[in-house]
Structure formats: C-alpha cells, structure tokens
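Notes for the structure review
What follows is the residue order along each chain.
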Amino acid sequence: MSLYPKPRISLFFPIYNDEKTVRIVTEKALRVLSELTESYEVLIVDDGTPDRAGVIADELAKEHPGLVRVIHHPQNLGYGSAIRTGLANVKYEWICFTDGDDEYDVYELFKMIRLIEFYDLIITFRYVKAYSGKRQFISWVYNIVLRLLFKTHYRDISTGFRMIRAEVARDLHLESTSPFIGAEIAIKTMLKGFRVGEVGIQTFPREFGQGSSTSIKNIHATIKDMLKIYQRIFSRAYDMPQNRKTIT
C-alpha cells in the first residue's frame, strides 16, 4: 500500500480526424483513471475536426456526466494550441495528456504514476517504435537538433504522452501552436528548475487514418516555433533573476 494519498488527475487529449479512436481512448482513460484514483476527469479538445470526432466526443460527455468534458475550437488552430487549451482548462493538480489516435496506450499511465513523488514533469521515450522508417529518421534527426540547440539530454523530447503538475504548467507561459509544444514544455520546465523524469514506453501503429505530425505543413510550423522559442529563451531578458534588471 502506498504511503502517499492518491493524486487527483485530469487527462486530456486533442482530436482531429480521430472519429474512429476518440471513443476507444476515452473509455480506456476512464478505466485506467478509475483504478488509479477517486478524483479524475477526461477532457477532449476538439481542434476544429472536420469529421464526426467532435460529435462523438459530445456523446461521450453525455454518457459520462461529470467525468468527461469537451471543448470545441471553432476552427483548426494547430496541435500546440489544442494542448495549450487542455492545460488551461483542466481542474486537478496532476495533468496527463496523450494523443487522440491511440498510438500511445493510456495503460502506460500505471508506469508514470510511480514517479510522481520524484518529478514535476514525466516525459516518455519510445523504446519500441511502430512507425515507418521515414518517420523514425525524422524523429531521430529532430531529437538530435533539439539536444544540440537547446542543450538538453532527453531521449525523445516531443512524445505526445506525458504527465505534469498543474502548477508547473501554469508557470511555463507556453507559446507554440505546432507540435513543437512538447519540446517547449520539456525545455522550459528544465530551465525553470523543475524536476524532469523519463520513462520508456512502446507505441502502436494507427489502425485508422494517417498521422499528420510529419506533414510538410506541420514540419514548417514546428521549425517556425522552434526558432521563435530559441530566440526567446536565449535572449538576455528571459526569466531574469528578480534582483537583476532586464538587459536590452
């Protein structure tokens, strides 16, 4: 038996073209959370999806009142914007977020929960990758670039499955609208002195549709956000000690 009280957990995920998996991910999340804690919620962020995923999400909220909520973006704002919406609208002190396509298995939360007394942010790295060779190569290059550019050591900085303390998330002042949001969260958490841990997970191939994280549009948006955040972080004004004046 654990000596610590059970954490109160909000789990959220964005949806875009995920009508085949939104119900699967939601019901799986409810099962896992009900085993881990008495206080939990599932928040679904509809990022202007053009399919029926948003409608199905509303059905799930009606089927599970008080446990499932839905926020709808009137138009597609981007993956990073959907993550920021989720972080800003959950109510419990621990936040877990994943993707709506079921490539990450919510049952891995049983691993992550073991680390919450030691870390403020728990990120996952994919030690078994069920992706195409092209996607694995893009991910490998991306992580090398981020390690060199931002002086980090993380194995897989942008995985879409992680857990963070709500008070930490509120202190990060996130800006990205693209998939770079995952890296931004890890980098800013590290630079602010919070504790960051890693845990290995497997991933699973999409059974429906195709992912868009490596599309030309998302790669371009990610590079744009990466350069913007790099300039912000490595400016003389970023996160200045209170006893120092901003240097212009």
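Structure first, text after, so check above.
So, here is what we can say about the structure in this document. (Residues numbered from 1 in each chain as written. Predicted model: local features only at pLDDT ≥ 70, side-chain atom pairs only at ≥ 80, totals over all residues. Heavy atoms only, no water.)

1. Quick look at the overall build of the chain
Of regular secondary structure, the chain possesses eight helices and seven strands. Looking at the chain residue by residue over its 248 residues, the buried ones come to 50%. Contacts in the chain between residues at least 24 apart in sequence constitute 80% of all its contacts with a sequence separation of at least 6. (Helix = DSSP H or I, 4+ residues; strand = E, 2+ residues; numbered from the N terminus. Buried < 20%, exposed > 50% of the residue type's maximum accessible area, 1.4 Å probe, protein only. Contact = heavy atoms within 4.5 Å.)

2. Remarks on the side chain of S81
Checked against the element boundaries, S81 lands in helix α3 (residues 79-89). The class of S81 is buried, set by a relative accessible area of 12%. Here S81 is in contact with H73, S176 and T177, once residues within four sequence places are set aside.

3. Digging into the nonpolar core
The nonpolar side chains of a soluble globular protein tend to be buried with one another. In this structure, L11, F13, V22, V42, I44, L109 and M163 are the most contacted members of the largest nonpolar core, which totals 35 residues. It is helix α1 (residues 22-36) that contributes the most residues to this core, seven residues altogether. Ranked by size, the runner-up nonpolar core spans 34 residues in total, among them V90, L121, F150 and I187. (Core = buried A, V, L, I, M, F, W, Y, C linked by side-chain atoms within 4.5 Å.)

4. Brief notes about unusual backbone geometry
At N17, a position not held by glycine, the phi torsion is positive, near 60°. Here N17 is to be found in the loop between β1 (9-15) and α1. Judged by relative accessible area, which is 39%, N17 ranks as partly exposed.

5. Details of the packing of aromatic side chains
This structure, assessed with the given rule, holds seven aromatic pairs. Their ring planes at 40° and their centres at 6.0 Å tell us that F150 and F180 sit as a pair that is tilted. Linking F150 in helix α5 (residues 133-150) with F180 in the loop between α6 (166-170) and α7 (181-191), this pair joins segments that are 30 residues apart in sequence. Here F150 falls in the buried class, since its relative accessible area comes to 3%. Grouped by ring-pair contacts, the aromatic residues F150, F180, Y230 and F234 constitute a single cluster. Positioned above the aromatic ring of F125 is the side chain of R155, whose terminal nitrogen or guanidinium carbon lies 4.4 Å from the ring centre. (Phe/Tyr/Trp six-rings, centres within 6.5 Å; stacked < 30°, edge-to-face > 60°. Lys NZ or Arg CZ within 6 Å of the ring centre and 35° of its normal.)

6. Digging into the environment of G54
Along the chain, G54 turns up in helix α2 (residues 53-63). A residue is classified by how much of its surface remains accessible, and G54, at 6% relative accessible area, is buried. Distance from G54 to Y16, taken between C-alpha atoms, is 8.5 Å for residues 38 residues apart in sequence. When sequence neighbours within four positions are dropped, the list of residues in contact with G54 reads I15, D46, T49 and H72.

7. Quick look at the packing of α1 against α2
With their axes 9 Å apart at the nearest point, α1 and α2 run at an angle of 30° to one another. Taken together, α1 and α2 sit at an angle that is classed as roughly parallel. In this structure, the crossing between α1 and α2 has a hand that is right-handed. For the pair formed by α1 and α2, the contact residues are V22, R23, T26 and E27 on the first element and A53, I56, A57, E59, L60 and E63 on the second. (Axes fitted to C-alpha atoms, helices over the stretch in contact; angles between N-to-C directions. Parallel < 35°, antiparallel > 145°, perpendicular 65-115°, else oblique. Left-handed = near helix turned anticlockwise from the far one by under 90°.)

8. Things to note about the pattern of salt bridges
For the structure shown, the criterion picks out 17 salt bridges. Between R155 and E198 there is a salt bridge; the shortest N-O distance is 3.2 Å. Of the two residues, R155 sits in the loop between α5 and β6 (162-165) while E198 sits in strand β7 (residues 196-202), which places them 43 residues apart along the sequence. We classify E198 as partly exposed; its relative accessible area is 22%. Beyond isolated ion pairs, a larger network of salt bridges with shared partners links R23, E27, R52, E59 and E63. (Salt bridge = Lys/Arg side-chain N within 4 Å of Asp/Glu carboxyl O.)

9. Things to note about the side chain of R165
Inspection of the secondary structure assignment puts R165 in strand β6. Note on R165: relative accessible area 19%, which makes it buried. For R165, the side chain forms a polar contact with the main-chain oxygen of I116, separated by 3.1 Å. For R165, the side chain forms a polar contact with the side chain of D120, separated by 3.0 Å. Ignoring anything within four residues of it in the chain, the contact list for R165 reads E93, W94, I116, Y119, D120 and R195. (Polar contact = N/O pair within 3.5 Å; in protein donor to acceptor, adjacent residues only side chain to side chain.)

10. Considerations on the environment of Y40
On the secondary structure map, Y40 appears in strand β2 (residues 40-46). Y40 sits in the buried class, given a relative accessible area of 13%. Separated by 33 residues in the primary sequence, Y40 and P7 place their C-alpha atoms 8.8 Å from one another.

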